[in-house]
Amino acid sequence: MMTDAERIDALLDMVDPERMPNVSRGAELAVLGLALAKAKGGYQPTNAGWVLIGNRGRAFQPKA
């Protein structure tokens, strides 16, 4: 079972190009509804995953 800190770390691994994503953690996040499998492999955060990454009560705002 992943803690909140581990979930956030795994989600950041997915969205930060400088970090190496861990496929097994992505699958576990998918079971929790925090990530979706992409058609070309890997995972991407769901809306719930983005909310978990962002400040509580505020949507995540990635730097463009």
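First, a word on scope: everything that follows refers to the structure included in this document. From a predicted model like this one, the values you see are computed outputs, not experimental measurements.

**Focus: the packing of helix 1 (residues 4-15) against helix 2 (residues 23-32)**
- At a closest axis distance of 10 Å, the pairing of helix 1 and helix 2 adopts a crossing angle of 115 degrees. Classed by the angle they form, the pair helix 1 and helix 2 counts as roughly perpendicular. As helix 1 packs across helix 2, the resulting crossing turns out to be left-handed. In contact with Glu 6, Arg 7, Asp 9, Ala 10, Leu 11, Asp 13 and Met 14 of helix 1, helix 2 contributes Arg 25, Gly 26, Leu 29 and Leu 32.
- In terms of residue class, the contact of helix 1 with helix 2 is made up of five nonpolar, one polar and five charged.

**Some thoughts on the side chain of Arg 7**
- In this structure, Arg 7 sits in helix 1.
- There is a polar contact of 3.1 Å between the side chain of Arg 7 and the backbone oxygen of Met 2.
- Ignoring anything within four residues of it in the chain, the contact list for Arg 7 reads Met 1, Met 2, Leu 29, Leu 32, Leu 34 and Leu 52.

**So, the nonpolar core**
- Met 2, Ala 10, Leu 11, Met 14, Leu 29, Leu 34, Ala 35, Leu 52 and Ile 53 form the largest nonpolar core, which has nine residues in total.
- Contact partners of Ala 10, with chain neighbours within four places excluded, come to Met 2, Arg 25 and Leu 29.

**Structural notes on the environment of Ala 35**
- Turning to its location among the elements, Ala 35 is positioned in strand 1 (residues 35-37).
- Along the chain, Ala 35 and Ala 48 lie 13 residues apart, while their C-alpha atoms are 8.2 Å from each other.
- In this view, Ala 35 contacts Met 14, Gly 26, Leu 29, Ala 30, Tyr 43, Gln 44, Pro 45 and Thr 46; residues no more than four positions away in its chain are not counted.

Cut-offs applied
- Residues numbered from 1 in each chain as written.
- Predicted model: local features only at pLDDT ≥ 70, side-chain atom pairs only at ≥ 80, totals over all residues.
- Heavy atoms only, no water.
- Axes fitted to C-alpha atoms, helices over the stretch in contact; angles between N-to-C directions.
- Helix = DSSP H or I, 4+ residues; strand = E, 2+ residues; numbered from the N terminus.
- Parallel < 35°, antiparallel > 145°, perpendicular 65-115°, else oblique.
- Left-handed = near helix turned anticlockwise from the far one by under 90°.
- Contact = heavy atoms within 4.5 Å.
- Nonpolar A, V, L, I, M, F, W, Y, C, P; charged D, E, K, R; others polar.
- Polar contact = N/O pair within 3.5 Å; in protein donor to acceptor, adjacent residues only side chain to side chain.
- Core = buried A, V, L, I, M, F, W, Y, C linked by side-chain atoms within 4.5 Å.
- Buried < 20%, exposed > 50% of the residue type's maximum accessible area, 1.4 Å probe, protein only.

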